[in-house]
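Reading the structure
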Amino acid sequence: MSIIIKTDSEIEKMRVAGKLAADVLEMIAPFVVVGVTTNELDKLCHDFIVDVQQAIPAPLNYHGFPKSICTSINHTVCHGIPSDKKLKSGDIVNVDITVIKDDYHGDTSQMFCVGTVNPHAKRLVDITREAMFLGIKQVRAGARLGDIGHAIQHYAEANRYSVVRDFCGHGIGKSFHEEPHVLHYGKIGEGETLEAGMIITIEPMLNLGKRHVKTLGDGWTAVTKDHSLSAQWEHTILVTPTGYEILTLRQEEM
Ligand code: MF3
Ligand code: CO
Ligand code: CO
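How each quantity is defined
- Residues numbered from 1 in each chain as written.
- Chains lettered and ligands numbered in written order.
- Predicted model: local features only at pLDDT ≥ 70, side-chain atom pairs only at ≥ 80, totals over all residues.
- Heavy atoms only, no water.
- Helix = DSSP H or I, 4+ residues; strand = E, 2+ residues; numbered from the N terminus.
- Buried < 20%, exposed > 50% of the residue type's maximum accessible area, 1.4 Å probe, protein only.
- Contact = heavy atoms within 4.5 Å.
- Areas by Shrake-Rupley, 256 points an atom, 1.4 Å probe, with all protein chains shown as cover.
- Lys, Arg positive; Asp, Glu negative; His and termini not counted.
- Charge placed at Lys NZ, Arg CZ, Asp CG, Glu CD.
- Pairing = 2+ DSSP bridges.
- Near = heavy atom within 4 Å.
- Polar contact = N/O pair within 3.5 Å; in protein donor to acceptor, adjacent residues only side chain to side chain.
- Nonpolar A, V, L, I, M, F, W, Y, C, P; charged D, E, K, R; others polar.
- Donors = N, O, S within 2.8 Å, 3.2 Å for Na, K, Ca; no water.
- Tetrahedral: all angles 85-135°; square planar, octahedral: opposite > 155°, others 65-115°.
- UniProt positions renumbered as here; feature names shortened; annotations may be inferred.

Secondary structure summary: the protein chain contains 4 helices and 15 strands in total. With respect to the three principal axes, the spread of C-alpha positions in the protein chain is 45 × 45 × 35 Å. Looking at the protein chain as a whole, 54% of its 254 residues are labelled buried. Considering only contacts within the protein chain whose residues lie at least 6 apart along the sequence, 71% involve residues at least 24 apart. Carbon and sulfur atoms make up 54% of the accessible area of the protein chain, which amounts to about 11,100 Å² in all. Each charge class in the protein chain was averaged separately, 25 positive and 32 negative side chains, and the resulting centres sit 6 Å apart.

Rendered as structure tokens:
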């Protein structure tokens, strides 16, 4: 199999889906505060996606995932399942949104700092965001996937964090997860060559401790083995002849 090059009309649909996913994060941001449960965040996002956007929350029933968003708190690396547990001051939480509109997917996530957060946690959150953007800046036709991975790994490790290897970014389009695997570590000049019209996610997970993760008994929740804090940010990116277009950019990022 090979990497799908999107047509102009598919790219237009991906722009719409990406914008909707970004809009969900903007909608939910003011609700991510001390005392809210992640189930409440899930319901707000679900209802907004279904009723307002007339779109589909892609995670719901995806390989049996039980909720419409992923909420990954503190040492949870990714795929956290919303629950009745309340967010507390000092938590760092990733909210990962994927919507399907007109058959195409938009996938994006961001970290939220709840109440007063320890400077060490805040630093992990900020460096992880910067690592994602350094990866994104490598994207252009002719670049290699290894260029992206290297940029992220180099910056993460220079800041004494580890890069999770068990999960990666992915191609995206009509399917949630398409080829290629977008590793967040690697070597310059290695891996597949990017071409204009490819659409991928870049979604690095960085840990304060070691890179190793384990999956809990629910079959989804991935946590750091050493229980160290973990952070993640994600955007959906179109490869263009001269660079990239971030399809999930939020107003605050423009
Ligand atoms: N949104 C995640 C990603 O970035 C995938 C979540 S799969 C789910 O690829 F089933 F947990 F929703
Ligand atoms: Co993704
Ligand atoms: Co995602």
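Where strand β7 (residues 169-171) meets strand β8 (residues 178-182), 3 bridges bridge the pair, whose relative direction is antiparallel. Directly across from G171, in β8, lies its bridge partner E178. The hairpin turn running from β7 into β8, its antiparallel successor, is 6 residues long.

Attention shifts here to the site of ligand 1. Near ligand 1 you find 14 residues, and of these P59, D107, H177, E203 and E234 are the closest. T98 has a polar side-chain atom sitting 3.4 Å from a nitrogen atom of ligand 1. Tallied by class, residues from the shell around ligand 1 come to 6 nonpolar, 4 polar and 4 charged.

Before going further, it helps to spend a moment on unusual backbone geometry. That bond from E179 to P180 is cis: its omega, 0 degrees, falls within 30 degrees of zero. You can see P180 is positioned in strand β8. Notably, H79 is not glycine yet its phi reads approximately 60 degrees, a positive angle. With respect to the helices and strands, the residue H79 is situated in the loop between β3 (76-78) and β4 (92-101). Judged by relative accessible area, H79 falls into the partly exposed class, the value being 25%. For H227, which is not a glycine, the phi torsion comes out positive at approximately 65 degrees. Relative to the elements of secondary structure, H227 occurs in the loop between β12 (222-224) and β13 (230-232).

Taken together, D107 (OD), H170 (NE2), E203 (OE) and E234 (OE) make up the full set of protein donors to the cobalt ion (ligand 2), lying 2.0 to 2.2 Å away. Each of the 6 donor atoms bound to the cobalt ion (ligand 2) contributes to angles spanning 51 to 161 degrees, and the resulting shape is irregular. The sequence pattern formed by the donor residues of the cobalt ion (ligand 2) is D-x62-H-x32-E-x30-E. The distance between the cobalt ion (ligand 2) and the cobalt ion (ligand 3) comes to 3.4 Å, with D107 serving as a donor to both metals.

Spatial ordering of the open sheet is given by β6-β10-β13, a layout of 3 strands whose pairing is antiparallel. At either end of the open sheet lies a strand with only one pairing partner, and these are β6 (162-163) and β13. In this structure, β6 lies alongside strand β10 (residues 205-207), joined through 2 bridges in antiparallel fashion. Across the sheet, V163 pairs through a bridge with L206, a residue of β10.

This paragraph deals with the UniProt feature "domain: Peptidase M24" (unreviewed entry) in the protein chain. UniProt annotation of "domain: Peptidase M24" (unreviewed entry) refers to residues 12-241 when read in the numbering used here. What you have in residues 12-241 is 28% helix and 26% strand, and the ends, taken at the C-alpha atoms, are 16 Å apart.

Within the UniProt annotation, "binding site: substrate" (unreviewed entry) is assigned to H79 and H177. A maximum C-alpha distance of 14.4 Å among these annotated residues, which run over 99 residues, shows that they cluster at one spot. If near-sequence neighbours (up to four positions away) are discounted, H79 is found in contact with F65, C70, S72, F167, W220 and T221. Examined against the element boundaries, H177 turns out to sit in the loop between β7 and β8. Within the structure, H177 has its side chain in polar contact with the side chain of Y62 (distance 2.6 Å).

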